[in-house]
Amino acid sequence: MSADQLAILCERLADCADAVRTSPEIRACAESIADRVRGGTAPLELADDFDELEELLLQAGYAAGLSPVRVYERLLGAGDGHRVLEALTCPGGSCSRIEAPGAVPVECLVHRRPMAVTRLGS
């Protein structure tokens, strides 16, 4: 699959408006892959690097990642460069209560503080 991902990466690097060119963190990862390929590294040896790039794209809200079958448009409201999924948890870390974030702050009556925003990892 890495050769296919490299082809998609090559196409995306050619598009000045694409996230792999406009986002500094994503571009650095993409350029690192390109540099290593130019240096003689086979695409199959870069599977972990492609996975990292895919994760950066997904975290930033670009659902296409490096897939050739999806649109490369950013999903509205799907991220700002940070993890998309968040939950509210105990602000004191003393219980396992979890709430969905919403427009109204959720208060922890034990600690008498707002529930803590916790980003969910993959």
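Summarised in this report is the structure supplied together with it. (Residues numbered from 1 in each chain as written. Predicted model: local features only at pLDDT ≥ 70, side-chain atom pairs only at ≥ 80, totals over all residues. Heavy atoms only, no water.)

Quick look at the pattern of salt bridges
One pass over the full model with this rule turns up six salt bridges. Two residues, Asp 18 and Arg 12, come together in a salt bridge whose shortest N-O distance is 2.9 Å. The exposure class of Arg 12 is buried, given its relative accessible area of 2%. With a shortest N-O distance of 2.1 Å, Asp 35 and Arg 38 are connected by a salt bridge. Residue Asp 35 and its partner Arg 38 are located together in helix H3 (residues 24-38), separated by three residues, close to a single helical turn. Its relative accessible area of 43% is what places Asp 35 among the partly exposed residues. (Salt bridge = Lys/Arg side-chain N within 4 Å of Asp/Glu carboxyl O. Buried < 20%, exposed > 50% of the residue type's maximum accessible area, 1.4 Å probe, protein only. Helix = DSSP H or I, 4+ residues; strand = E, 2+ residues; numbered from the N terminus.)

Examining the environment of Cys 10
Following the sequence through the fold, Cys 10 ends up in helix H1 (residues 2-13). The exposure class assigned to Cys 10 is exposed, which follows from its relative accessible area of 53%. With 20 residues separating them in the primary sequence, Cys 10 and Ala 30 have C-alpha atoms 9.3 Å apart.

What to know about the sheet that holds strand S2 (residues 98-99)
Strand order in the open sheet formed by three strands is S2-S1-S5, and the pairing between neighbours is antiparallel. Of all strands in the sheet, those with a lone pairing partner are S2 and strand S5 (116-119), marking the two edges. Here strand S1 (residues 86-89) pairs with S5 via four bridges, running antiparallel. Bridge pairing links Thr 89 to Ala 116 in S5. (Pairing = 2+ DSSP bridges.)

Observations concerning the packing of H3 against helix H4 (residues 47-59)
Where H3 contacts H4, the two axes come as close as 10 Å, and the packing angle between them is 160°. Classed by the angle they form, the pair H3 and H4 counts as roughly antiparallel. Pair H3 / H4 crosses with left-handed handedness. Contacts between H3 and H4 pair Glu 25, Ile 26, Cys 29, Ala 30, Ile 33 and Arg 36 from the former with Asp 49, Phe 50, Glu 52, Leu 53, Leu 56 and Leu 57 from the latter. (Axes fitted to C-alpha atoms, helices over the stretch in contact; angles between N-to-C directions. Parallel < 35°, antiparallel > 145°, perpendicular 65-115°, else oblique. Left-handed = near helix turned anticlockwise from the far one by under 90°. Contact = heavy atoms within 4.5 Å.)

A look at the pairing of S1
Side chains on a regular strand alternate between the two faces of the sheet. Taken together, the two bridges between S1 and S2 define a ladder with antiparallel strand orientation. Looking at the pairing, Thr 89 lines up with Ile 98 of S2.

Considerations on the packing of H1 against H3
Running from amino to carboxyl end, H1 crosses H3 at an angle of 120°, the nearest separation of the two axes being 11 Å. The angle between the axes of H1 and H3 places the two elements in the oblique class. Judged by the twist between their axes, the crossing of H1 over H3 is left-handed. Across the interface between the two elements, Leu 6, Leu 9 and Leu 13 from H1 touch Ala 30, Glu 31, Ile 33, Ala 34 and Val 37 from H3. In terms of residue class, the contact of H1 with H3 is built from seven nonpolar, no polar and one charged. (Nonpolar A, V, L, I, M, F, W, Y, C, P; charged D, E, K, R; others polar.)

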